[in-house]
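# Architecture and fold: a report
Residues per chain, in single letters:
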Amino acid sequence: MTAPTRSSTAQAAVVPLAGDILQRVAAKMGLTVEQVERTLAEANITLKNPAAADRRLQILRLRAQGVKHSGEPFTVEQDFSTGVWAIVHPDNSAGKTSLLEFLVWPLRGEPRDLPPDVRSWVRHLSLDLSVAGRPIRIALVIDPDAHPAVTTRILTAVTTEQLLAADEVGNGLRLLEQASGTDEVDRSIGSFFLDALRMGHTSLWQTGGGADGGGAPQVHGWASYFGACYLNPGGDEILLGDVNAVGLSARLMELFVDIPYSTVLTQLSVAGKRERKTLTQERRRAEGDADARKTERAAWQEELEQLSRQITDLRSLASQDVSPLLHASDQAAARLQGAQGLLRESEQDLTETNTARVRADQALLDARETWQARRVLGRLNPVCCPRCEEPLDGARHQQEREEASCAVCTRPLPEIDEETAEVLLQDLESQLDSAREAAEAAVRQRDAATARVVEAVAEQRVASAALQEGLATSQNHGRLRQLELQAAGLEGRLAATGSVPEEPPVPMSSQVLTAVYEAVREAVDASAKRLFPAMNTQIVELATRFGVQNLDSVRLDRSGKVNAVKAGVKTSFKSLSRGDRLRMRIATVIALLRVGADRGVAAHPGLLLIDSVAAEEVAEVPARTLISELQTIAKDLPDLQVVLTTAQPELVDALPAGQLITRKDEHLF
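In what follows, the accompanying structure is described. Small disclaimer: the values here were computed from a predicted structure and weren't measured.

### Regarding the overall build of the protein chain
When helices and strands are tallied, the protein chain shows 19 helices and 15 strands. The buried share of the protein chain, taken over its 669 residues, is 44%. Taking all contacts inside the protein chain whose residues are at least 6 apart in sequence as the whole, residues at least 24 apart take part in 69%.

### Observations regarding the sheet that holds strand β13 (residues 607-610)
Strand order in this open sheet of four strands is β13-β14-β3-β15, and the pairing throughout is parallel. Across the chains shown, the open sheet's two edge strands, defined by having one partner strand only, are β13 and β15 (660-661). When strand β3 (residues 83-88) meets strand β14 (residues 641-646), the two strands line up parallel, connected through six bridges. Of the residues in β14, the one forming a bridge with Val84 is Val642.

### Describing helix α18 (residues 578-599)
Compared with the 32 Å implied by 1.5 Å per residue over 22 residues, the 32 Å span of α18 between its first and last C-alpha is a close match. Burial of α18 is extensive: 19 of the 22 residues sit out of reach of the surface. Of the residues flanking the end of α18, it is Gly600, one or two places downstream, whose phi is positive at about 80 degrees.

### Quick notes on the packing of aromatic side chains
Considering all chains together, one arrives at seven aromatic pairs under this definition. Aromatic side chains Phe193 and Trp222 sit 4.8 Å apart centroid to centroid with 15 degrees between the ring planes, which places their arrangement in the stacked category. Linking Phe193 in helix α7 (residues 182-196) with Trp222 in helix α8 (residues 222-225), this pair joins segments that are 29 residues apart in sequence. Neither Phe193 nor Trp222 differs from the other in exposure class; each is buried. Ring centres of Trp222 and Phe226 lie 5.7 Å apart, and the angle between their planes is 50 degrees; this geometry places the pair in the tilted category. An aromatic cluster is built from Phe192, Phe193, Trp222 and Phe226, whose rings are joined through pairwise contacts. Here Arg112 stacks its cationic end above the ring of Tyr230, 3.7 Å away from the centre of that ring.

Rules and cut-offs
- Residues numbered from 1 in each chain as written.
- Predicted model: local features only at pLDDT ≥ 70, side-chain atom pairs only at ≥ 80, totals over all residues.
- Heavy atoms only, no water.
- Helix = DSSP H or I, 4+ residues; strand = E, 2+ residues; numbered from the N terminus.
- Buried < 20%, exposed > 50% of the residue type's maximum accessible area, 1.4 Å probe, protein only.
- Contact = heavy atoms within 4.5 Å.
- Pairing = 2+ DSSP bridges.
- Expected span 1.5 Å × (residues − 1).
- Phe/Tyr/Trp six-rings, centres within 6.5 Å; stacked < 30°, edge-to-face > 60°.
- Lys NZ or Arg CZ within 6 Å of the ring centre and 35° of its normal.

From the geometry alone we can't say anything about function, so treat these as descriptive.
And the structure:
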């Protein structure tokens, strides 16, 4: 491609630099440039200065080998140059489309319209190319008996001469990439061309896409881009590309006219829509939660009212002082303890007085049984020997009473005077009376102590109950706090489900993406306003030359619409005749090439493949005019290469014989 002209340099000068856009967004958002770049990086977006791409693509040579169903081998070897080439044969099923598809297969990674029977014949395809000025060979080997059945190798040479001189195996060429299997071959070839032509995948937002139907990005790569080279037939309603995706035709136009920042604008658009989808999903989840809990609100409200009543009661009780109750309980306990002590003492006294009474009664009884003084004196009742202190057992005492012998020494007791015995008996009776009086007094004292204990127990129980109630009331602070927390939780639930949830706040990342998108869109719109009018003019001029009748104007927009006016009537692209659609499609691509050439860039590969160029025509003149004009344009655009097929040899009789691919046999191969 030629060097940029002064006009292209002037146009480039008005395109803002990436750094200027980042600084403007950072200042608007109150952020640093680094923060803006970090947000873009998190969305896998890089904003770089636009640079003119060299996407020139030229076919140099095709070689094909295979075996037909009949067992007959076939070989195809065809050199190509720039300009218009025609694959011509008057008969149907002669192999015109198949030869064109032999070119498409290595270029696209997968043929588009190759008949299945012909595909099964192919064993080797080799296509030599110039890709952005670099000599490249793409070689396919197809072996139906192998697994996988398809393999590819992408090789390169130092010069075009070295590439064309290398044998089919590729000895002397440097291997760039190889792959096996249909999917891997497709992926490998697509990745190679994207890298070599400085193109990236395009993500377009599909409104009804995604598992939830809420929208999802649809990724397009080389196979979709190649539709701008391998043009659709006239019956197709898509302007550019063979993939029916909303916005793809517009994206191809922006890409191949090389509008600065158009790729990153698409990335920003998808990223912004993804962010908005996330926010919408969050809001819907909140609304769904609110709807799901509506049935629980009545129960929550009733529980809250009950808690409120309990909280009111506890707040009035929680302020009571338990100190008096505690003092009263302590006093009652002390009185009970004192009464119990007195009761124990009175019971002990009663026991002792009863014992004394019993002994006095027994002594008197024993004295009256005998007049023997020694028996009376024996009531001294010694308990042990006065010398050795050995206890005297009951048998000694029994013997003393019966035999009047000393319980200590066993000698006979001395005789006692009767008067003395009578005195002793009176004394014993006096002792018994005293013992009985003491026992009665002890009983009265015990009964009084018992009554005082019963009274003290009753007082202590009352004081203890009052204290327990007071203590329970004083512990209501903790219970009150617990009930207040439960009430607050219920109030929060009721508030969360009582109305439509508020819109979630827009994250800063989403705000930054939106700001960058607006800034980039401003730059893209400015470039489109400069480039699209030139495109419109070129399309009208070219389409008219190609045979579109009564075309007054064309106004491309960035949605991919043509907006044609024919004979004063607005006419959509799909309303055009089949022949006019093909001519308009060719005119659009040629306009891309011309506008790019005027700016000194090669944004479009410059390769056009057209199958059945005259199939939509009802007369010979329009088709002949189209081919003639393509040949004229090829002289103005030295990098243009057109390969078309036709079943009408008379349409291409003006082309050089060396650029006609034809045979007089029944088939072209």
